[in-house]
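Working through the structure, step by step
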Amino acid sequence: LESAGGSLQRGDLHRSISKSPQTPTTAMEAATRALKLDSIPLSMIVPAGILALWLFFALIRSTARARAQRHATVRVITWANHKGGVGKTTTAFFVAKQLAVDNKDKNILVVDCSIYGDLTRLLLGSASNGDGAEGNLVNAGQTVEHFAASVTSKRSSWLPSLRGTARVERHIARVKDSAADAPANLFLMTNRAQWLNGPHAPSTSGGEEHGMEDATDEYVAAVSQALRASLAAKDKPWIVIVDTDGGLLHGMSKFALCASDHIVVPTNADTADMRRLHVMLRYVRSLHQRGMTTGTVGIVFFNNLKVKNNSPSDDLATLGLDFTVADDVADQMRRLADFLRDMRGEFPALLKEVEPETFTGRSNFFAGIRHGGVTMQRVKDRPYDATLSDQVAEDFAKLARRVNHLAAGTKLAY
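This write-up is about the structure you can find in this document. (Residues numbered from 1 in each chain as written. Predicted model: local features only at pLDDT ≥ 70, side-chain atom pairs only at ≥ 80, totals over all residues. Heavy atoms only, no water.)

1. Quick notes on unusual backbone geometry
- One non-glycine residue with positive phi stands out, namely Asn304, at about 65 degrees.
- Under the relative-accessibility criterion, Asn304 is labelled partly exposed at 42%. (Buried < 20%, exposed > 50% of the residue type's maximum accessible area, 1.4 Å probe, protein only.)

2. Here we look at the environment of Pro199
- Along the chain, Pro199 falls in the loop between α9 (192–196) and α10 (217–232).
- Note: C-alpha distance between Pro199 and Gly132 (67 residues apart in sequence) is 8.8 Å. (Helix = DSSP H or I, 4+ residues; strand = E, 2+ residues; numbered from the N terminus.)

3. A few points about the side chain of Arg370
- Mapping Arg370 onto the fold places it in strand β10 (residues 366–370).
- Given the relative accessible area of 9%, Arg370 is considered buried.
- A polar contact is formed between the side chain of Arg370 and the side chain of Asn310, at a distance of 3.3 Å.
- Within polar-contact distance, the side chain of Arg370 engages the side chain of Asp395 at 2.6 Å.
- Setting aside residues no more than four positions away along its own chain, Arg370 makes contact with Asn304, Leu305, Val307, Asn310, Asp322, Phe323, Gln391, Val392 and Asp395. (Polar contact = N/O pair within 3.5 Å; in protein donor to acceptor, adjacent residues only side chain to side chain. Contact = heavy atoms within 4.5 Å.)

4. A look at the sheet that holds strand β3 (residues 173–174)
- In spatial order, the strands read β3-β4-β2-β5-β1-β6-β7-β10; together these eight strands make up an open sheet with mixed pairing. Two strands bound the open sheet, and with one partner strand each, they are β3 and β10.
- Both strand β2 (residues 107–112) and strand β4 (residues 186–189) contribute to a ladder of four bridges, which runs parallel. Looking at β4, one finds that Ile108 is bridged to Leu186. (Pairing = 2+ DSSP bridges.)

5. A word on the packing of aromatic side chains
- On inspection of all chains with the given rule, the structure shows five aromatic pairs.
- Here the aromatic rings of Phe302 and Phe366 are separated by 6.1 Å at their centres, their planes lie at 20 degrees, and the arrangement is stacked. Of this pair, Phe302 sits in strand β7 (residues 296–305) while Phe366 sits in strand β10, and the two are 64 residues apart along the sequence. By the burial criterion, Phe302 is buried, and Phe366 matches it.
- Each member of the aromatic cluster is reached from another via a ring pair, and the members are Phe93, Phe94 and Phe396. (Phe/Tyr/Trp six-rings, centres within 6.5 Å; stacked < 30°, edge-to-face > 60°.)

6. Details of helix α4 (residues 88–102)
- Across its 15 residues, α4 extends 21 Å between first and last C-alpha, which sits within 8% of the 21 Å expected from 1.5 Å per residue.
- Among the 15 residues in α4, twelve count as buried, and that is most of the element.
- Among the residues of α4, those classed as buried are Lys88, Thr89, Thr90, Thr91, Ala92, Phe93, Phe94, Val95, Ala96, Lys97, Leu99 and Ala100. (Expected span 1.5 Å × (residues − 1).)

7. Let's talk about the pattern of salt bridges
- This structure, assessed with the given rule, holds 15 salt bridges.
- The partner of Glu169 in a salt bridge is Lys234, and the shortest N-O contact between them spans 2.6 Å. Taken together, the residues Glu169 in the loop between α8 (160–163) and β3 and Lys234 in the loop between α10 and β5 (238–243) connect sequence positions 65 residues apart.
- Judged by its relative accessible area of 31%, Glu169 falls in the partly exposed class.
- As a salt-bridge pair, Arg382 and Asp385 come within 3.4 Å of each other at their nearest N and O atoms. (Salt bridge = Lys/Arg side-chain N within 4 Å of Asp/Glu carboxyl O.)

The following block contains the structure:
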């Protein structure tokens, strides 16, 4: 004010206001006269106002952006591969069931981020009978979209004290309530898009639904962190298994990767999958660079392998196999493994768990699942009373143990 030509003596402001106490407007005019604000050049007021607005909106943006954070009692494992048909849904289903059996002291939550909802129907036991049981979950608001909407409504308050935390328990279903023989600690959050894309969709719906259409960084980060924070507030630890679509990158795919601690990658023994893996790694790296996720690739497993014989091979043990496959299949597997090791130079933050090329002993990073045959289809039709063949069941039990160790932050010791 002095530099602008104004002057202010001690007590001038107080005396000016106290002489004119009639109205707030009068008091403000008195204060303005005492400060001689009208003598400040416009060239100073306008830049100061712009700076104040910029600081205000920068503060709002910084508080609105939820950065990726870890919670000790919650581990999110996302099944992902940008190639379809590699068995993400089927293997996530069997691993989730096994985790629920092996972890009575924990809750297992399956989040279905596929717009086709196959994992939802497998878990509910409605994959073959088409009874539309998933519609009950949609109507009850037990979906990713409903949870996201609750997060958005909580964040719409300008007062942080009124925001609270979105309550995830309102948006998940205990699987046992729909499938009586399911483990009591197995829970499901489906998505509304899969219902609108299916045969039970209302006649008013048209086109393909993707869910979470407003997939801005701020929005997706807020929803993924709200999921983790809400689960962390519960009494029991949680392991969360998230299924994604192959070949489709939509809002729920982004949410699934942003929420992840670890990414599990199923793949065929086919070097044609390498390009899709590279696309996925580039996308996850972009999420890392924007602070959207801390997820890393924890396991790559080869799915649906045709077995040559059930005898173990020292050579194939380095790829996580307890059995022998045909020579041409083994060659494709080695080439894929070498590709991933080579990618460590390009994606060091994502592939830090993959072993160096000179590793010895048994793999902690790679794994293999035999072709399930007719017994696998039988279990998919009757998920809680039919059983897999002994060898395939053991493959899934070993993969579930790997996931357990990922969730605990430890490695298997061989």
